[in-house]
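Residue-level structural notes
In case you want the letters, here they are:
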Amino acid sequence: IYGGEHMKTKVRLAIIMISFLAIAFGCSMLNDESETEPYHGKPLHIGIIGEEPDVREEQIQFTSIDFTDLQKVENYDAIFITKENLKEADKAQYAKVYNNSPRPFLFIDSQKGYVPFIKEQFDFENYPDVDSGVYAYLYDSKSQRYWGYVLSNEVVNEQSIQDVYSRIFETIEDLTGIN
């Protein structure tokens, strides 16, 4: 009897340990993002208002610009506006630029979506937050379409942000007809 009870205890302990390891390993797999493919397309020249992001692609050239340069967007394949500059980007005079631009605009880390930028009647500060998990919104006035880019597993880290940029570059290449 002693041997049987002792054996049952060992089996239970082994089952508990195996279950614990399976759960721990499984959860770590959920948080461990697999390596994603970088953008392999043609070189892109991006005008950026704000700090240049850290991207994996070497064929992407960023040029720092400011809001007064928005009249010269044809020099770039797209214009990126960072989170720190979104409040300024909301000024009514820029809505006309976004809506008549031959190039797409990317609004990075906007909790308000893209609508307050393209509609003069909306104010960025008073526009409701959009709880969508989208990290960046790309707006193309030529097609009157937008794209929302969600981070992998909705985790904010270098790898998931770089993955978003790779997908954005692919869309820009498609939109600008660089093939």
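Refer to the structure presented above.
The following refers to the structure shown. Every chain begins its residue count from 1, and numbering advances along the sequence as written. Only residues with pLDDT of 70 or above have their local features reported here, since the model is predicted, and side-chain atom pairs are shown and tallied only from 80 upward, although totals for entire chains, interfaces and linings are computed over all residues. To get the side-chain values, take all heavy atoms of the structure and skip hydrogens and water.

**Some remarks on the layout of surface pockets**
Over the atoms a probe the size of a water molecule is rolled, and this reveals where empty space is left. Space inside the largest pocket adds up to approximately 260 Å³. Two kinds of site are reported from a 1 Å grid over the protein atoms alone, namely cavities, where a 1.4 Å probe fits but cannot get out, and pockets, open sets with protein on both sides within 12 Å along at least five of seven lines, and residues are called lining when an atom falls within 4 Å of a point. In this structure, the largest pocket is lined by 13 residues; those nearest its centre are Glu-51, Pro-53, Thr-82, Tyr-135 and Tyr-165. Grid points are joined across faces, edges and corners, and a volume is the space filled by probe spheres set on the points. Empty space within the second largest pocket amounts to approximately 180 Å³. Taken together, 13 residues make up the lining of the second largest pocket; nearest its centre are Asp-109, Gln-111, Gly-133, Val-134 and Tyr-135. When grouped by side-chain class, the residues that make up the lining of the second largest pocket number 6 nonpolar, 4 polar and 3 charged. Only Asp, Glu, Lys and Arg are considered charged, only Ala, Val, Leu, Ile, Met, Phe, Trp, Tyr, Cys and Pro nonpolar, and every remaining residue, Gly among them, polar.

**Details of helix H5 (residues 158-176)**
Only DSSP runs of H or I with at least four residues qualify as helices, and only runs of E with at least two residues qualify as strands; both kinds are numbered from the N terminus onward. Each residue after the first adds 1.5 Å to the expected span of a helix. The end-to-end C-alpha distance of H5 is 27 Å, a good match for the 27 Å that 19 residues give at a rise of 1.5 Å each. By the criterion applied in these results, polar contacts are pairs of N or O atoms within 3.5 Å in which, for protein atoms, one can donate a hydrogen and the other can accept it, and in which residues neighboring in sequence qualify only through two side-chain atoms. For H5, the N-terminal cap is Asn-157; the gap from its side-chain oxygen to the backbone nitrogen of Gln-159 is 3.2 Å. Gly-177 sits one or two residues past H5 and shows a positive phi near 70°.

**Observations concerning the side chain of Gln-162**
With respect to the helices, strands and loops of the structure, Gln-162 is situated in helix H5. Of note is the side chain of Gln-162, whose polar atom sits 3.5 Å from the backbone oxygen of Asp-54. Note on contacts: a residue pair qualifies if any of its non-hydrogen atoms lie within 4.5 Å across the two residues. Leave out the neighbours within four places in its chain, and Gln-162 touches Asp-54, Val-55 and Arg-56.

**Here's the deal with a negative patch on the surface**
Patch criteria: residues need more than 30% relative accessible area and no salt bridge. Like-charged residues are merged within 9 Å; nonpolar side chains of Val, Leu, Ile, Met, Phe, Trp and Tyr are merged within 5 Å. Using the Shrake-Rupley algorithm and a 1.4 Å probe, accessible areas are obtained, with residue cover drawn only from the displayed protein chains. Whenever a carboxyl oxygen of Asp or Glu lies within 4 Å of a side-chain nitrogen of Lys or Arg, that contact is scored as a salt bridge. The charged-residue count follows a simple rule in which Lys and Arg add positive charge and Asp and Glu add negative charge, with His and chain termini not counted at all. Charge placement uses NZ in Lys and CZ in Arg. For Asp and Glu, CG and CD serve respectively. Taken together, the side chains of Glu-51, Glu-52, Asp-54, Glu-84 and Glu-158 define an acidic patch exposed on the protein surface. You can see Glu-84 is positioned in the loop between strand E3 (78-81) and helix H2 (86-89).

**A few points about the packing of aromatic side chains**
Stacked, edge-to-face and tilted labels apply to pairs of Phe, Tyr and Trp rings (six-membered ring for Trp) whose centres lie within 6.5 Å, assigned for plane angles under 30 degrees, over 60, and everything in between, in that order. Taken as a whole and assessed by the stated rule, the structure comprises 16 aromatic pairs. Arranged with centres 6.5 Å apart and planes meeting at 85°, the rings of Tyr-135 and Tyr-165 form a pair that is edge-to-face. With Tyr-135 in strand E5 (residues 134-140) and Tyr-165 in helix H5, this residue pair connects regions lying 30 residues apart in the sequence. Assigned by exposure class, Tyr-135 and Tyr-165 land together as buried. Charge-over-ring placement is defined geometrically: NZ (Lys) or CZ (Arg) within 6 Å of the ring centre, and within 35 degrees of the ring normal. Positioned over the ring face of Phe-124 is Lys-112, at 5.8 Å from the centre of the ring. Accessible area is worked out with a 1.4 Å probe on protein chains only. A residue is then buried under 20% of its type maximum, exposed over 50%, and partly exposed in between.

**Focus: the side chain of Ser-141**
In this fold, Ser-141 is placed in the loop between E5 and strand E6 (145-150). There is a polar contact of 2.7 Å between the side chain of Ser-141 and the backbone oxygen of Ser-101.

**Quick look at helix H3 (residues 92-100)**
All of the buried residues along H3 are Tyr-94, Ala-95, Val-97 and Tyr-98. Taken end-on, H3 shows its buried residues confined to a sector of 160°, consistent with a single buried face. Taken together, the buried residues of H3 touch E3, H2, strand E4 (105-108), helix H4 (115-118) and E5. Starting at the helix axis, one direction is taken to each C-beta atom, and the arc is that of these directions.

**A closer look at the sheet that holds E4**
Each pair of strands is called paired provided DSSP finds at least two bridges between the two strands. Strand order across the open sheet formed by 6 strands is E2-E1-E3-E4-E5-E6, with mixed pairing between neighbours. Among the strands making up the open sheet, the edge pair consists of strand E2 (60-64) and E6. In this sheet, neighbouring strand axes are inclined to one another by 25° on average, regardless of whether the strands run parallel or antiparallel. For E4 and E5, the ladder comprises 4 bridges, and the chain directions are antiparallel. By the bridge assignment for E5, Leu-106 is matched with Leu-138. Where helices are involved, their axes are fitted lines through C-alpha atoms of the stretch in contact, as for all axes, and angles between N-to-C directions lie from 0 to 180°. Contacts from H3 reach E3, E4 and E5, with the element oriented near 125° to E4.

These results come straight from atomic positions and should not be treated as a statement about function.
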